[in-house]
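The residues making up each chain are set out below.
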Amino acid sequence: MTLNLLQKWELYYQEEILKDIENAGIEITLENIPLIIQGTSFKNRSKKYPDKCPYYQIGKSCHPEIKDLNCFLCACPNYNSEILEGECKIQGPKGKWFYHPSLPKGKIWDCSNCHINHSPKEVENYLREKLRKN
Ligand code: SF4
């Protein structure tokens, strides 16, 4: 299957953050959820991996209004990356279209104002659900 650009980025991001957690010696288990959350906070990742995100480099959060922003679900599980313009599977009310003529479809779904899945509590709930199923 050929992946589009959005899917490639999503896959890259997910592999990268899991690798970073592993390299920090943290096993992905239910018991380790607090450690995973601590390790993937914007605060900690921007110090440890300044080159991995432009926002880490400038030390400025992409969601300054979220207290304790967490980067684990930067690639939001509600984002539909199967189509080149993207979209929100749950129609998050804070998402919006960003238009630019150089984009493959002339527009792309922009989540920069959405808080869903970016707080420690939401990441915890997501991990609990996923890890219970495994
Ligand atoms: S609008 Fe919000 S919930 Fe929807 S994909 Fe974007 S970040 Fe996720």
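Structure's up top.
Residues numbered from 1 in each chain as written. Predicted model: local features only at pLDDT ≥ 70, side-chain atom pairs only at ≥ 80, totals over all residues.

S.K.: Now, about the overall build of the protein chain: what can you tell me, with residues and values included?
M.R.: In terms of helices and strands, the protein chain carries five helices and two strands. Here the protein chain holds 134 residues, and 16% of them are scored as buried. Across the protein chain, contacts joining residues at least 24 apart in sequence account for 49% of those joining residues at least 6 apart. (Helix = DSSP H or I, 4+ residues; strand = E, 2+ residues; numbered from the N terminus. Buried ≥ 20, exposed ≤ 12 C-beta atoms within 10 Å, placed from the backbone. Contact = placed C-beta atoms within 7 Å.)

S.K.: I'd like to hear about unusual backbone geometry, residue by residue, with values.
M.R.: Trans peptide bonds make up most of the peptide bonds, and negative phi angles are found at most residues other than glycine. With phi around 60°, aspartate 68 is a residue other than glycine that occupies positive phi space. Inspection of the secondary structure assignment puts aspartate 68 in the loop between α4 (54–58) and β1 (96–99). By the C-beta count within 10 Å, which is 14 here, aspartate 68 ends up partly exposed. The backbone of glutamine 91 sits at a positive phi, close to 50°, despite the residue not being glycine. Mapped onto the elements, glutamine 91 comes out in the loop between α4 and β1. Classification of glutamine 91 by C-beta neighbours within 10 Å gives exposed; the count is 8.

S.K.: Outline the site of the ligand, listing residues and values.
M.R.: The ligand sits among Cys76, Asn78, Tyr79, Cys88, Ile90, Gly92, Gly95, Cys111, Cys114, Ile116 and Asn117. Across the shell around the ligand, the residue classes tally to seven nonpolar, four polar and no charged. (Near = placed C-beta within 6 Å. Nonpolar A, V, L, I, M, F, W, Y, C, P; charged D, E, K, R; others polar.)

S.K.: Give me the lowdown on helix α1 (residues 5–23), citing residues and values where you can.
M.R.: Since the α-helix packs 3.6 residues into each turn, any two residues three or four apart lie on the same face. Spanning 19 residues, α1 covers 26 Å between terminal C-alpha atoms, matching the ideal 27 Å at 1.5 Å per step. Glycine 25 sits one or two positions beyond α1 and adopts a positive phi of about 80°. (Expected span 1.5 Å × (residues − 1).)

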